[in-house]
Amino acid sequence: MAKKILPDKKGLFYPTEEIKKRSWVNNKKIYEEADKNPIKFWEKVASELFWKKKWQKAFEHKPPFFKWFLGGKLNITENALDGNLPKRKDKPAFIWEPEPTNEKPRILTYGDLLKEVNKFANALKKLGVKKGDKVGIYMPMIPEVIISMLACARIGAVYSVVFSAFSPSALKIRLQIIEAKVLITADGYYRRGKPINLKESADEGIKETMVKKVIVVKRVGNKINWDAKKDLWWHECVKNQSENCPAVAMNSEDLLFILFTSGTTGTPKGCEHVCGGYMVQAYWTGKLIFDLHEETIFWSTADIGWITGATYSCYSPLLNGTTFILYEGCPDWPAFDRWAQIIEKYKVTVFYTAPTAIRMFMKYGSDLVKKYSFNSLKLLGSVGEPIDEAAWNWYFQKVGKGRCLIVDTWWQTETGGILITSLPGIGPFKPAFSGLPLPGVRFDILDEKKKRPPIGEQGNLILLPPFAPGLLRGTYKDPKKYLETYWSQYGKKIYFTSDAALKDKNGLIRIVGRVDDVIKVAGHRLSTGEMEAVINLHPEVVECAVLGIPDKIKGEVPIAFVVPEDKSPCPALRDKVINQVRREIGSIATLKEVYVVEDLPKTRSGKIMRRILRKLSTGEELGDLSTLSNPESVGKIQIIIKNANKI
Ligand code: PRX
């Protein structure tokens, strides 16, 4: 039995001798070595992988643009699949756990996975998909989603995964931007025991797009509409396809995938991730941070529609020859402890989830997890939103049983892979702190005037050159957005993360939260601007403001204030607005409350004062209202909120 990890006098946690011994890296000299020459350091990491042709130049910087491993040629699937074959042909690459408990899991060995990927890659080729073509993937957590991503990568098609719980409208706008020719989807999937008809959403989402063919996986066997001109069954596409398919040689800077994320404006932006840099970072961060070894069983609970899914529920474990778990459903279905059962069933050694999930497990009570020994666990991870001390302690004591360190990993869709967390073989760890930037990665915290705030005070988190190989190279078809979002606040040589953070005296970083219009709802990234744009489309709404307020379980939840067209709006307006957002974005964007108000508090220049609305909804002290052009609106909103909360 592993030893308990106890904090030192300063409240810091360090790895035990046993943990140090088994970790890939346990000497803090790595930080110095990497900092001396980060480019050389990343080159060393990249050399651990197979390149069809070695790069000629490691890094090029023409601010705000930069490139890594120039002249290098590779195919990520050769590293993720072929490279594992000599040793791991019969080793499970991943184990798929369906949500219904009466269904059997599916195990795909590295050998099986390569064959399936090749067959599907050949099927795509038969449909005319070539290098550089765009493919949409709108799929649940089933084995075929992994196969689809890898098959596209195999032939150099650029794919974009769209979260399966996103609405048809959200799918449509993404497919339109990338001009996808092919969409891969499924008839349905299970969510809390209920079959969800995904094909119906896909049918709606492809209207007014360039999608010519839709490949459908038969997962549920539900009744779906079928358009014989467009629709093809997956199983028929792969029938009789060869199990061999050469991996296309990709340039290091060729696009691998585009993943859309929310920002300040109404439309989502497509983050461009490239073959070489992304591969290096996905490989290295998994190895170093999750300490992936031959015997590791890794479970990242994130959905494949988000960057955590892409990097840590697919590429990172495969690039490290590790076995991972892919779970179709909700972690608390059919009972609150489904997640705990999965850990025990598969002897998971590294468990990676979001604070929202941890808080949800906590809510069910510690007694309920007592019966699980979690003996297999060696390391825990957290991602996506700040983890508060209470959740950290519960996770550490009740899941890790005081024997597992917690890597609180900070990163973003844009960064492609983790960039801040202390390392399990080195430490230190401190509750609610992400810790140190990775070796070879330079972060700083600056205030608005480009000065470092004093220790313990917050400022903006920024990333300095040479950045990291996995950082996005652009926002698809929108270079202006790229420049404005990341390279304007501190100039073209400093990447602005949009996060506020602080450093303690040990140099450990704590992420405070976003400084833009992004809110994190249950770890999911949503834009209040996008929700406002959707609400404003409603004919009965004149204007609105959406903001995030704290929530005990989900971290944050969105609420809206709407000004109706009609002075005496129909009582159903509240529900109409909620439905509008659900329909246009998806159920994850469900508004917790909608307040129908006469007027929104505004400055004299007409700017909506969201700060005041936030204080009104959380009951905080309002402070100075003298800058408002309509201070009378505040009292009226106060009454509306009070009355709504009474109901
Ligand atoms: O605000 C930070 C928060 O999530 C944002 C990025 O969201 P997304 O692109 O959806 O990627 C999430 C998964 C990588 C960040 O700007 N965030 C991410 N990790 C942490 C975090 N906040 C606090 N602690 C973290 N560990």
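Cut-offs applied
- Residues numbered from 1 in each chain as written.
- Predicted model: local features only at pLDDT ≥ 70, side-chain atom pairs only at ≥ 80, totals over all residues.
- Heavy atoms only, no water.
- Salt bridge = Lys/Arg side-chain N within 4 Å of Asp/Glu carboxyl O.
- Helix = DSSP H or I, 4+ residues; strand = E, 2+ residues; numbered from the N terminus.
- Buried < 20%, exposed > 50% of the residue type's maximum accessible area, 1.4 Å probe, protein only.
- Pairing = 2+ DSSP bridges.
- Axes fitted to C-alpha atoms, helices over the stretch in contact; angles between N-to-C directions.
- Near = heavy atom within 4 Å.
- Polar contact = N/O pair within 3.5 Å; in protein donor to acceptor, adjacent residues only side chain to side chain.
- Areas by Shrake-Rupley, 256 points an atom, 1.4 Å probe, with all protein chains shown as cover.
- Domains from an automatic or database assignment.
- Contact = heavy atoms within 4.5 Å.
- Buried area = accessible area lost by both parts, 1.4 Å probe.
- Nonpolar A, V, L, I, M, F, W, Y, C, P; charged D, E, K, R; others polar.
- Phe/Tyr/Trp six-rings, centres within 6.5 Å; stacked < 30°, edge-to-face > 60°.
- Expected span 1.5 Å × (residues − 1).

Caption draft 1: Molecular detail of the pattern of salt bridges. Counted under the stated rule, the structure contains 44 salt bridges. In this structure, Glu103 and Arg219 form a salt bridge, with 3.1 Å as the shortest nitrogen-oxygen distance. Of the two residues, Glu103 is situated in the loop between strand 4 (92–97) and strand 5 (106–109) and Arg219 in the loop between strand 11 (213–217) and strand 12 (231–233); the sequence distance between them amounts to 116 residues. Its relative accessible area of 27% is what places Glu103 among the partly exposed residues. Arg359 is the partner of Glu385 in a salt bridge, and the nearest nitrogen-oxygen pair spans 2.8 Å.

Caption draft 2: Fine view of the sheet that holds strand 24 (residues 509–514). The strand order across the open sheet built from four strands is 21-22-23-24, with neighbouring strands paired in antiparallel fashion. What marks the edges here is a single partner per strand, and that holds for strand 21 (442–446) and strand 24. The sheet shows a mean angle of 45 degrees between the axes of neighbouring strands, taken without regard to direction.

Caption draft 3: A look at the site of the ligand. Looking at the ligand, there are 18 residues lining it, with Asp408, Thr413, Asp499, Lys520 and Arg525 nearest. In this structure, Asp408 approaches the ligand through a side-chain N or O atom, which is 2.7 Å from a nitrogen atom. One of the side-chain N or O atoms of Lys520 is found 2.7 Å from an oxygen atom in the ligand. In isolation the ligand has 540 Å² of accessible area, and contact with the protein removes 97% of it.

Caption draft 4: Focus on the domain arrangement of the protein. Once the domains are mapped, the protein shows domain 1 (17–501) and domain 2 (521–646). Each of domain 1 and domain 2 has a C-alpha centre, and these two points are 33 Å apart. Facing 24 residues of domain 1, the contacting portion of domain 2 comprises 20 residues. Carbon and sulfur atoms supply 51% of the area that domain 1 and domain 2 bury against each other, a total of about 1,600 Å² over both sides. Put simply, domain 1 and domain 2 have one salt bridge between them. Seen at the junction of domain 1 and domain 2, the total is eleven residue pairs in polar contact (both at pLDDT 80 or more). Within the residue set of the side of domain 1 that touches domain 2, elements represented by two or more residues are helix 8 (168–178) and helix 14 (355–363). No other element matches the four residues that helix 14 contributes to the side of domain 1 that touches domain 2. Tallied by class, residues from the side of domain 1 that touches domain 2 come to seven nonpolar, twelve polar and five charged.

Caption draft 5: Looking closely at the packing of aromatic side chains. On inspection of all chains with the given rule, the structure shows 44 aromatic pairs. Consider the rings of Phe41 and Trp284, whose centres lie 5.9 Å apart with planes at 75 degrees: the pair is edge-to-face. Here the residue Phe41 occupies a position in helix 3 (residues 38–46), and Trp284 occupies one in helix 11 (residues 275–289), the gap between them amounting to 243 residues. Across this residue pair, the class does not change: Phe41 and Trp284 are buried. Ring plane angle 65 degrees and centroid distance 6.5 Å describe the contact between Phe66 and Trp487, whose orientation is recorded as edge-to-face. Taken as a pair, Phe66 in strand 2 (residues 65–70) and Trp487 in the loop between helix 16 (479–486) and strand 23 (495–503) lie far apart in primary sequence, 421 residues in all. The pair formed by Phe66 and Trp487 is uniform in burial state, with each residue classed as buried.

Caption draft 6: Spotlight on helix 7 (residues 143–155). For helix 7, which comprises 13 residues, the first-to-last C-alpha distance of 19 Å matches the rise-based estimate of 18 Å (1.5 Å per residue) to within 8%. Across the 13 residues of helix 7, 13 count as buried, placing the element largely inside the fold. Note on helix 7: the residue one or two positions beyond its end, Gly156, has a positive phi of about 80 degrees.

Caption draft 7: Summary view of helix 11. Look at helix 11: 21 Å from first C-alpha to last across 15 residues, which is about the 21 Å you get at 1.5 Å a residue. Residue Asp291 follows helix 11 closely and has a positive phi angle near 50 degrees.

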